Structure formats: C-alpha cells, structure tokens
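Close look at the chain arrangement
Read off the chains here:
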Amino acid sequence: MTTFEDLSNEILYEIFDLLHSYEAFHSFYDLNQRFRNLFIHSNLLITIDISFVSKSIFNRYFNHIIIPHAFRIKSLRLSNAFASEICLSLCPIMINFTQLQTLTLNNIDSYCITRIVDHLSCLSALSSLTITLADNVQNVNDIYGKIFHLPTLKYCEISLNECKISPTANAHESSSIEHLVMKQRVYLDQFDDLLSYVPQLQRLTIDYLCEFRCNRTKRSSLSWNSLTNVSIKMQSISFDDFHLIAIDYFRHVQVLNVLVDRDGLHKTTIDYLDANRWENLISTYISSLRFFNFRHVHYEMYQRINRPNYQALIDKFNSSFWMKHQWFFAYQFNSSGNVAIFFSKNSYEKQTINLWSSRNDINEDPTHHIYLHDSQTMKQYAGHFPNTNQLTLLENFNISHDSCATNLQFILPMKQLTKLTVNCRHFPFEQLIVLFQYMQNVHTLKVETVQFTGVDFRSIQQNEAFQIASKTNTVMKMIIDGIIRFDQIKILLTLFSRMKYFIIDIYVQDFKLLAEYLWPISYDKIHHLCMLSISNDREDFTKEVNLLILSSKLPADYSLNYTRRKCYLWW
C-alpha cells in the first residue's frame, strides 16, 4: 500500500496547489527534511493570500518563506484588518519582489498609504494593482499620480475616499493602464482629468459617477479609439450630462453597462427611460455598440408610481431598433408600488424573473447573486439559477413556519453558495442550523440578528441537524450586526467551529467572559478562531481591553488595533 510520503514531488506540489500557500506550509513544512526541502528548493512561483490566518502561523511563514523567497512570489493579497501592519513590514524587502505581477491591498490605513505607494515603483513586473483604503486620505492627488505612473501596470482597481486629480501635463507621462476600476465616488468635473492620464484605456468601471460640483469648463479633444468596454453606476446625473460624456468618450465602445440608481431627492433620472433619446445616442455616436446592459431604478418618495405613465415610457423600448439589436427588457415594482426597476434580460421569450436585484453591482450578474423577499413564491422559478453562488435574504424576508431551506432547495443549488447574507431581523437559530445542512461551501455568513428564544444550548448540540451542520459547514468569517451575548457566542462557535474571523458587538461584561473562554484555557475547543472585531463605541470596553493587556490575559503573540470605532484582535 502506497503511503503519502511515497508520492512523487510533482504530485505533492499539485496537492499543495489545492491549499493556501500558508496552509501547505503549516501542514507539511515541519514533517521532515524532505518536505521542508520541497518549500526551500522549489523554483515554482508562489501565490499568497493573507486573509484568515493566525498570527503565529503568519509570523513563521513570513520568516521562513516570504523573506527568503520573495523573488518567487507572483501574487500577493493582503485583506485582513492588519493589512497595513503587514504591508509596512514588507516595504524594506519590496525590491526583492522581482516577479510580483499581482498585488491586492485591502483595508489599508491612510497613515501609511503614501509610504506603501512610494515603494511600488520598485516592482518591475507589477501588472495588476488593487488598493482599498479603510479610511479617508488627504493627499489623494499625489497617490493617484504615483499609481498611474507605474510603468508596467495594466489593471488598476482603486477605492479611496473620492477622485481628486489634476490633469496630466505631458502626454509622455501618461499611464500604461488598460483596465481601470474606480470603486469610489467620481464627480463629473473630475472625469476629463481622470481619463487624461489613461489614453491606452480599454475597459473602464466606475461604481459611483456623481453630479458636477462645478461647471465643466472643457470638452475632451483626445481620440479614444481604445476604449471599448464601459460600466458605470450613476447617481443624480441628468441624461443631458451623460449624453455629452458618451459623445466625447464612448464612440468606439462595444460593451456598455449602465445602472442609474434611485435617488429620492432628484427627479432627473426618469429621463433615462426615453427610448428615443437612447436610440439617437447609440445610432449617431455609439454605432459600434454590440452589448447593452441597462438597469434603471425609479423612486417616488411620498407616493406610488403612476403605472400607466411608466408603462407608456418603457413600451417604447420594444421598437424595431431594440429588436434588431436583440436587446430586450423587463420591469418590476416593489410591494409598496413606489419603486420600479427597468432592466435588461437575455432574451425576448424568457419569462421575467421577479427578483429585486437593484442592489447588484454594475458588473454583477443578477443570476449569480440572488436577493429574496420570499422563498415560497419563488418555487415557480426552480432551475433558473444554476450559477448562483451568493444569496441575500432581504429585510422583509418572509420566514414561514416551514423550513425556508425546503423552499430554497427548489430555487437554487444550495451546495454551490459561498456567501450568505441574512438582512431580516431575528432570524431563528433553528432555521440557521437547517440551512447549513445544505450549505456546505458557504465561507462568509452575515446576519443582522439571530433569535435564540426557547433554544436550550445544551440539548440542541445533541440534535442530529446541529451535528450534521457543525461537521460539514466551512464558514470562516461571520458577521453579526446586532448585540450578542456570551452564551450565544459560545453556541455559534460550536456550530461554526472552523470560523477564523468573528465580527460582533457585545457588552463589556460579556467580553470579559469571552476573553476567559478564548485565552488560554478553552483555546483548543475553537482553535481555528484567530481574529476578532468588536464594536468599540463604549468607553468602558476600551478600559476593559487595556486591563486585559496589563493582566497578561491576552495570548502571548497578539496584535491590537483600534480604528473606525472597532477593536481588532489578531492572535
């Protein structure tokens, strides 16, 4: 019989590829010298994702792999609450990342972003950069200038507080970026200046394109032959302003995704339902357009929408122009009748699916992320969602007396889900147990509040459904918005025993009990948990954490961070 150690190096490397690099290191590095050599003497490039890893494992991985083998790292992703701390520790050796092609930095604090960006210029192979800031930054223009002038950058995704940038003075200093994603506010008066940096741009995504803060004083004189793919989510922008932007920049666009979001304070967005204006704009100025994905949210703050008038507008999207291009649309109203969504669909014949999908991101396929008000009424659409991997139960989701898991099984492949969000308040704990008998691949769970009324924490652990769910679920990150008590935390940690990151809000007396439970006596019971985020709005909580530090009750190796009214603990 072949043992694991009889496997060839090639097969072992294939096994390592199935794991996060730090997981493979932690599991095999110390087994014997042969396995250690597999890590030390390999020429294979390394992909690193530091999201949910204990501090002790990370420190060993940092010293044994990252520092001595920086030249082998091709992709690096830092996305936990201590990404700034980690990134600053990498700055002195960043010059050694000679093969780093992809860098993702999430949750970066503003105090260190300038120092980090200054070191990016030494990454000679960097082609993809993603930066998300955790708070506001002052010197935005300087940061943009340095990022846009990175010589080998092709893909850039930025989320700062807003776009503030001066136009480039010299054409020869312009950026090499071909795909730009702005996950932040961009005001129309900054649009020209932003695009002046990226004349080679082929794909553009803007999450929040907002109205002018000052008058537009110039029109673009540049030729934009390369820009062929545009995705924009707009707020409070008139069709007249969008029309001018399209004329200046979208003449060669082949793929256009437009989401006009609701805004109860402005009445300008109804202009986007003028089919004749769209037809004229596309025919005259965007004649290369092949794919048009349009979503419009119309919102009346104090009254129901006039349905006959609304119907008269959208009926004009059924003309020969739209049929010739094979662009089809549908619409739906919310239950109160004051919100209407007009959206593209795949075919004329396909039945309209009554999904409240206005919350999808502009580039997000609505069939991948499903938003539900009621599982019972969705049974008629069984089999319509083979590609769904995210599910959100909305605020007024109807929790019937029967298990909602039974109804959901008719609608979508529950084993395929990787993220579950429960926005309805007081979701029964028993229903959560039943759901996770079928959602084995959900790694992120977000819940508004969990209802534990009538739950006997001791006896429920003997329940067959609880045991199945606890053994098969793979939840690594859990977020609870409402306040939760210590005994409820314990039962959740038992049910989701593989959890590594827990985001909660608790009273200071419950934090004392939780600290005693976690460190160090019962640590073996929940050994996967390595990071806590606790709301820090109360002064007594900060005092209690400081007392724990003084009394040495925290783990020997830990990091503590106070930011954005939260306390983060990593051990």
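From a predicted model like this one, the values you see are computed outputs, not experimental measurements.

**Details of the overall build of the protein**
Assigned secondary structure in the protein consists of 19 helices and 23 strands. Each of the 571 residues in the protein was classed as buried or not, and the buried ones make up 52%. Put simply, the protein shows about 26,000 Å² of open surface, and 49% of that area lies on carbon and sulfur atoms.

**Focus: the sheet that holds strand S19 (residues 477-483)**
One open sheet accounts for 9 strands, arranged S13-S14-S15-S17-S19-S20-S21-S23-S22; its pairing is mixed. Of all the strands in the sheet, the pair left with one neighbour each is strand S13 (369-372) and strand S22 (559-563). Adjacent strand axes in the sheet meet at a mean angle of 10 degrees, parallel and antiparallel pairs treated alike. Relative to strand S15 (residues 419-422), strand S14 (residues 390-393) is paired through 4 bridges, and the arrangement is parallel. Looking at the pairing, leucine 393 lines up with valine 422 of S15.

**A look at the nonpolar core**
Taken as a class, soluble globular proteins show a tendency for nonpolar side chains to be buried jointly. The biggest cluster of nonpolar side chains holds 120 residues, and the ones touching the most others in it are Ile66, Phe97, Ile147, Phe250, Trp278, Phe294 and Trp322. The residues contacting phenylalanine 97, other than those within four sequence positions of it, are Ile66, Ala70, Ile73, Leu90 and Leu123. In terms of nonpolar packing, the next biggest core, distinct from the first, is built from 65 residues, Leu432, Val450, Ala469 and Ile504 among them.

**Describing the packing of helix H9 (residues 239-249) against helix H10 (residues 275-285)**
In contact at an axis separation of 11 Å, H9 and H10 are set at 10 degrees when each is read in the N-to-C sense. By the angle between their axes, H9 is roughly parallel relative to H10. Residue-level inspection shows Phe239, Asp240, Phe242, His243, Ala246 and Ile247 of H9 in contact with H10, the latter providing Arg277, Trp278, Asn280, Leu281 and Tyr285. Taken together, the residues of the contact of H9 with H10 sort by class into 7 nonpolar, 2 polar and 2 charged.

**What about the sheet that holds strand S4 (residues 128-133)?**
The sheet built from 12 strands is open, its strands ordered S1-S2-S3-S4-S5-S6-S7-S8-S9-S10-S12-S11 with mixed pairing. Of all the strands in the sheet, the pair left with one neighbour each is strand S1 (46-50) and strand S11 (328-333). Averaged over neighbouring strand pairs, the angle between their axes works out to 10 degrees when direction is ignored. Pairing geometry for strand S3 (residues 102-108) and S4, over 5 bridges, is parallel. Bridge pairing in S4 links leucine 105 to isoleucine 131. In the packing of helix H4 (residues 55-66) onto the sheet, contacts are made with S1 and strand S2 (73-78), and the angle to S1 comes to roughly 160 degrees. Packed on one face of the sheet, helix H6 (residues 110-119) meets S3 and S4 and runs near 160 degrees to S3.

**Quick word on the packing of aromatic side chains**
Scanning the entire structure with this criterion turns up 48 aromatic pairs. For arginine 34, the ring lying beneath its charged end belongs to phenylalanine 35, and the centroid distance is 5.7 Å. A cation over an aromatic ring shows up here: lysine 490 above the ring of tyrosine 517, its NZ or CZ 5.8 Å from the ring centre.

**Section: unusual backbone geometry**
A negative phi holds for most residues other than glycine; trans holds for most peptide bonds. One non-glycine residue, serine 236, lies in the positive phi region at around 60 degrees. With respect to the helices and strands, serine 236 occurs in the loop between strand S8 (229-234) and H9. Its identity as a non-glycine residue notwithstanding, histidine 426 has a phi of 60 degrees, on the positive side. Along the chain, histidine 426 falls in the loop between S15 and strand S16 (427-428). Assessed through its relative accessible area of 43%, histidine 426 is described here as partly exposed.

**Some points on the pattern of salt bridges**
When the charged atoms of two side chains with opposite charge come close together, those side chains can pair. Using the criterion set out here, one finds 14 salt bridges in the structure. A salt bridge links lysine 233 to aspartate 261, with the shortest nitrogen-to-oxygen separation between them at 3.7 Å. Linking lysine 233 in strand S8 with aspartate 261 in the loop between strand S9 (255-260) and H10, this pair joins segments that are 28 residues apart in sequence. Across the pair, exposure class does not vary: lysine 233 and aspartate 261 are buried alike. Note that aspartate 510 and arginine 485 form a salt bridge whose closest N and O atoms lie 2.5 Å from each other. Taken together, the residues span a long stretch of sequence, with aspartate 510 in helix H18 (residues 508-518) and arginine 485 in the loop between S19 and helix H17 (486-495) at a distance of 25 residues. Residue class for aspartate 510 comes out buried when judged on its relative accessible area of 4%. One connected set of salt bridges, linked through shared partners, spans Asp30, Arg36 and Arg60.

**Brief notes about helix H8 (residues 188-196)**
Counting buried residues in H8 gives 9 out of 9 residues, a clear majority hidden from the surface. Those residues of H8 that sit buried are Leu188, Asp189, Gln190, Phe191, Asp192, Asp193, Leu194, Leu195 and Ser196. Against helix H7 (140-148), strand S6 (179-187), strand S7 (203-210) and H9 lie the buried residues of H8.

**Quick look at helix H2 (residues 21-28)**
Residues Ser21, Tyr22, Ala24, Phe25 and Phe28 constitute the buried set of H2. For H2, the arc enclosing every buried residue in end-on projection is 160 degrees, short of the 170-degree limit, so these residues lie on one face. Those residues of H2 that are buried are in contact with helix H1 (9-17), helix H3 (33-40), S1 and H4.

**Some details on the side chain of histidine 179**
Topologically, histidine 179 is positioned in strand S6. Among residues more than four places away in sequence, those in contact with histidine 179 are Lys154, Tyr155, Cys156, Leu201 and Arg203.

Each value, and the rule that gives it
- Residues numbered from 1 in each chain as written.
- Predicted model: local features only at pLDDT ≥ 70, side-chain atom pairs only at ≥ 80, totals over all residues.
- Heavy atoms only, no water.
- Helix = DSSP H or I, 4+ residues; strand = E, 2+ residues; numbered from the N terminus.
- Buried < 20%, exposed > 50% of the residue type's maximum accessible area, 1.4 Å probe, protein only.
- Areas by Shrake-Rupley, 256 points an atom, 1.4 Å probe, with all protein chains shown as cover.
- Pairing = 2+ DSSP bridges.
- Axes fitted to C-alpha atoms, helices over the stretch in contact; angles between N-to-C directions.
- Core = buried A, V, L, I, M, F, W, Y, C linked by side-chain atoms within 4.5 Å.
- Contact = heavy atoms within 4.5 Å.
- Parallel < 35°, antiparallel > 145°, perpendicular 65-115°, else oblique.
- Nonpolar A, V, L, I, M, F, W, Y, C, P; charged D, E, K, R; others polar.
- Phe/Tyr/Trp six-rings, centres within 6.5 Å; stacked < 30°, edge-to-face > 60°.
- Lys NZ or Arg CZ within 6 Å of the ring centre and 35° of its normal.
- Salt bridge = Lys/Arg side-chain N within 4 Å of Asp/Glu carboxyl O.
- Arc of directions from axis to C-beta.

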